[in-house]
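Survey of secondary and tertiary structure
Chain by chain, the residues run as shown.
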Amino acid sequence: MKKILFCGAIIVLIFAISPLLSAQVAIIPKPAKITILEGKFTLHKYTTLFFDQTNPELKRVIDLFRIFLKGPLGAEINYSPKKTESGYIELTLDSTVLNKDGYVLRVTPAKIEIKARSAAGAFYAFQTLRQMLPAEIENQTAVQKSWEIPAVEIEDSPRFEYRGFMLDVARHFQPVEVLKRYVDLLSFYKINNLHLHLTDDQGWRIEIKKYPKLQQISAWRKESMVGHSEDKPRKYDGIRHGGYYSQEQLKDLVSYAQEHFITIIPEIELPGHSTAALAAYPELTCFPRTFEVTPDYGVFEDVYCTRESTFTFLEDVLSEVVEIFPGRMIHIGGDECPKTRWKTCPSCQQRIQQEKLKDENELQSYFIKRIQKFLNGKGRNIIGWDEIMEGGLAPGATLMYWRTWLGDKHIAEAARADFKIIMSPLDPLYFNLYENEERVITPLAYPGLIPLNKVYNYNPVPVQLTGKDAQNIIGVQANLWSEYVTDGQSAEYMTFPRACALAEIGWSSDESKNYDDFIRRLKINTKHLDELHVNYSKYFLK
Ligand code: ACM
Ligand code: ZN
């Protein structure tokens, strides 16, 4: 009896004197359930991996982790055909884990056990492990004989199936390396969709083989604006800007993203924001004239005409797009389309009569539904900005809500009408707005402030929605429009750490959220970002 008490005292003591290691447990997004156990697991090059080696998906997840550890351990850890006594990591697929992205992770001094329903869950368990390792492990040249992971038991699954981030590569082109780094960083925080805004007035960024002028003309503009678009007079830099991704580059990006359980959502914007395409093919608009890929920002009145030949063009483009992007969802834009030209265009007016439409708003709806039907025929569903619900929408479309000023009532109606909705409201999920009051590092951004706590405290489900209607909110996304984001470094500054808060909104339950605790974890967790040389905003440290 005495002995047992004595042992107990030692265990309590050990537990009490090892706060350092458990303080390392600063996981973002916060897991659903976490229990700190006693002791630690020591990872070294003799640690073995035990799993079903005939499963190629699991093997890919494991190999990613092995490659990650190779530098810090100085050797690749091995697969094991049999379980060793101790010192191993065991990964099993387990259908009792309810969520497809869920996992159970148990770290003890003897072993690490991971149970997941799918390879995605296994990948997320490894991200959690990575976050519990000392941050120096991210520095792939810091070789150490062993690395310690605190003993814990975690049961985890996400709140939403869709956790997304949008990068606008149309206003400023970003090299593929920047996109891959986004895949790395977003997947580290269990975000599973990267939406690329590929076409807009200021540039067309995707190779379409049937229309080579999209590469030769639409991908380039003669200069960019410097200063705010409100400045009078507007100023320009005189430097040619542009670029596009070849189909090969995009396919490579898609498979890189797949390995990180990220779906790339391509956006081909229509019927508005189409100036770059019109610069190459002016016959696609109502009143053809000479257009140039514009350096100006705003909403432009020359848009795609509803003439038959425009649909042929768009369907040809989308036919190539679906060959590159295997994901179920294709984003077709649909926002900010002025109807001015359609009002006086004989072809558009004829279309209104022929299709017995009430007005130009219904013509927009006709446009969207036609593209939707085309993509449905290719086995895909559309996502569109929330304007696509105006004038009616066919079932199966997903709305991306951005117009905060319309209010929750508007979105609640769409949810009750059984549309799936991704919440990406301008306020608080447009990361192109300033993150803090100090504008030294970001002298130029969209006017307005979206501080970290505002992002964190956002609940994507409007209070008036319950039950099945609430489940129509399938996820959440932050958007980084790039009028003022010229390179990867400034993109990172605008993205992090707000994307850490986004990850938590998308993954963790609303009841479990606590901003002070988030900041406590963030201070530890961002040491990983330091090692990765991520240019994140340090404003939260003040
Ligand atoms: C948008 O910000 N126009 C979707
Ligand atoms: Zn027209």
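Residues numbered from 1 in each chain as written. Chains lettered and ligands numbered in written order. Predicted model: local features only at pLDDT ≥ 70, side-chain atom pairs only at ≥ 80, totals over all residues. Heavy atoms only, no water.

Let's talk about the overall build of the protein chain
For the protein chain, the count of helices and strands is 19 helices and 23 strands. For 542 residues, the compact-globule estimate of 2.2 N^0.38 gives 24 Å, and the protein chain sits close to it at 25 Å. Taken over the C-alpha atoms alone, the protein chain extends approximately 95 × 45 × 45 Å along its principal axes. For the protein chain, buried positions account for 57% of its 542 residues. Long-range pairs, those at least 24 residues apart, make up 73% of the contacts in the protein chain between residues at least 6 apart in sequence. Of the roughly 22500 Å² of accessible surface on the protein chain, a fraction of 55% belongs to carbon and sulfur atoms. For the protein chain, the distance from the average site of its 65 positive side-chain charges to the average site of its 69 negative ones is 3 Å. (Helix = DSSP H or I, 4+ residues; strand = E, 2+ residues; numbered from the N terminus. Rg over C-alpha atoms; globule rule 2.2 N^0.38 Å. Buried < 20%, exposed > 50% of the residue type's maximum accessible area, 1.4 Å probe, protein only. Contact = heavy atoms within 4.5 Å. Areas by Shrake-Rupley, 256 points an atom, 1.4 Å probe, with all protein chains shown as cover. Lys, Arg positive; Asp, Glu negative; His and termini not counted. Charge placed at Lys NZ, Arg CZ, Asp CG, Glu CD.)

Let's talk about the confidence of the model for the protein chain
With 96% of its residues at a pLDDT of 70 or more, the protein chain shows a mean pLDDT of 94. Contacts of residues 1–17 to residues separated by more than four positions or lying in other chains number four contacts, the stretch itself having pLDDT below 50. (pLDDT = per-residue confidence, 0-100.)

Describing the pairing of strand S18 (residues 381–385)
With four of its five residues buried, S18 lies for the most part within the structure. Pairing analysis gives three bridges linking S18 to strand S19 (residues 398–401), with the strands arranged parallel. Across the sheet, the residue bridging to Ile 383 is Thr 398, located in S19. (Pairing = 2+ DSSP bridges.)

Here's the deal with helix H12 (residues 360–377)
Helical geometry note: an α-helix holds 3.6 residues per turn, so side chains three or four residues apart project in the same direction. The end-to-end C-alpha separation of H12 is 26 Å, in line with the 26 Å expected for 18 residues at 1.5 Å each. Of all the residues in H12, the buried ones are Glu 360, Leu 363, Gln 364, Ser 365, Tyr 366, Phe 367, Ile 368, Ile 371, Gln 372, Phe 374 and Leu 375. Contacts from the buried residues of H12 go to strand S16 (263–270), helix H9 (308–324), strand S17 (329–333), helix H10 (340–344), helix H11 (346–354) and S18. Gly 379 sits one or two residues past H12 and shows a positive phi near 80°. (Expected span 1.5 Å × (residues − 1).)

Description of the sheet that holds strand S6 (residues 111–116)
Within the open sheet, the seven strands sit side by side as S1-S7-S5-S6-S4-S2-S3. Their pairing is mixed. Single-partner strands in this sheet number two, and they are strand S1 (33–44) and strand S3 (78–79). Relative to strand S4 (residues 88–93), strand S2 (residues 48–50) runs parallel, the two being bridged by three bridges. In the sheet register, Leu 49 faces S4, and the bridge partner there is Ile 89. Docked against the sheet, helix H4 (residues 119–132) engages S4, strand S5 (103–107), S6 and strand S7 (146–156), running at close to 40° with respect to S5. (Axes fitted to C-alpha atoms, helices over the stretch in contact; angles between N-to-C directions.)

Let's talk about the sheet that holds S18
Read around the closed barrel, eight strands run S8-S9-S16-S17-S18-S19-S20-S23, paired in parallel fashion. Direction aside, neighbouring strands of the sheet carry axes that sit 30° apart on average. Summarising the sheet, strand S20 (residues 420–423) and strand S23 (residues 473–480) pair through three bridges and their orientation is parallel. Across the sheet, the residue bridging to Met 423 is Val 476, located in S23. Packing of helix H5 (residues 176–188) onto the sheet brings it into contact with strand S8 (162–168), strand S9 (193–197) and S23, and relative to S9 it is tilted by some 150°. On the sheet, helix H13 (residues 407–416) packs against S19 and S20 and is oriented at approximately 170° with respect to S19.

Observations regarding the side chain of Asn 472
Here Asn 472 is to be found in the loop between helix H16 (467–471) and S23. In contact with Asn 472, other than residues within four places in its own chain, are Ala 415, Asp 418, Phe 419, Lys 420 and Ile 421.

Quick word on the coordination of the zinc ion (ligand 2)
Around a metal, the ideal angle is 109.5 degrees if four donors adopt a tetrahedral arrangement and 90 or 180 degrees if six donors adopt an octahedral arrangement. The coordination sphere of the zinc ion (ligand 2) contains the protein donors Cys 286 (SG), Cys 305 (SG), Cys 345 (SG) and Cys 348 (SG), at a distance range of 2.2 to 2.4 Å. Linear spacing of the donor residues for the zinc ion (ligand 2) on their chain is C-x18-C-x39-C-x2-C. You can see Cys 286 sitting in the loop between helix H8 (275–280) and H9 and its partner Cys 305 sitting in the loop between H8 and H9, a full 19 residues away along the chain. On the accessibility criterion, Cys 286 (6% relative accessible area) is buried. (Donors = N, O, S within 2.8 Å, 3.2 Å for Na, K, Ca; no water.)

A word on the pattern of salt bridges
In this structure the tally under the stated criterion is 38 salt bridges. The closest approach of N and O atoms between Lys 111 and Glu 113, which form a salt bridge, is 3.8 Å. The class of Lys 111 is partly exposed, set by a relative accessible area of 24%. Residues joined in a network through salt bridges with shared partners are Lys 30, Glu 504, Asp 517, Arg 520 and Arg 521. (Salt bridge = Lys/Arg side-chain N within 4 Å of Asp/Glu carboxyl O.)

Overview of the nonpolar core
With 131 residues, the main nonpolar core has Phe 165, Leu 194, Trp 204, Ile 206, Tyr 304 and Phe 313 as its most contacted residues. The next biggest cluster of nonpolar side chains, apart from the first, holds 39 residues, and it includes Phe 51, Leu 58, Ile 77 and Trp 507. (Core = buried A, V, L, I, M, F, W, Y, C linked by side-chain atoms within 4.5 Å.)

Some thoughts on the packing of aromatic side chains
Any pair of aromatic rings gets described here by the distance separating the centres and the angle formed by the planes. Going through the model one piece at a time under the given rule, you end up with 29 aromatic pairs. Between Tyr 515 and Phe 518, the aromatic rings sit 6.2 Å apart at their centres with planes inclined by 35°, giving tilted as the arrangement. Taken together, the residues span about one helical turn, with Tyr 515 and Phe 518 both in helix H19 (residues 515–531) at a distance of three residues. Judged by its relative accessible area of 0%, Phe 518 is buried. Connected via pairs of aromatic rings, a cluster forms that spans Trp 204, Tyr 211, Tyr 281, Tyr 304 and Phe 313. A cation sits over an aromatic face here: Arg 370 above Phe 311, 4.0 Å from the ring centre. Across from the ring centre of Tyr 536, 3.9 Å away, lies the NZ or CZ of Lys 538, which sits over that ring. (Phe/Tyr/Trp six-rings, centres within 6.5 Å; stacked < 30°, edge-to-face > 60°. Lys NZ or Arg CZ within 6 Å of the ring centre and 35° of its normal.)

A look at the layout of surface pockets
For the largest pocket, the calculated volume is near 610 Å³. Lys 100, Asn 192, Phe 261, Ile 262 and Thr 263 are, among the 26 residues lining the largest pocket, the residues nearest its centre. Looking at the lining of the largest pocket, the elements with two or more residues in it are helix H3 (56–73), H4, helix H7 (247–259) and S16. Residues of the lining of the largest pocket, tallied by class, amount to 13 nonpolar, six polar and seven charged. (1 Å grid on protein atoms, 1.4 Å probe; cavity = no way out; pocket = protein on both sides within 12 Å on 5 of 7 lines; lining within 4 Å. Points joined across faces, edges and corners; volume = space filled by probe spheres on them. Nonpolar A, V, L, I, M, F, W, Y, C, P; charged D, E, K, R; others polar.)

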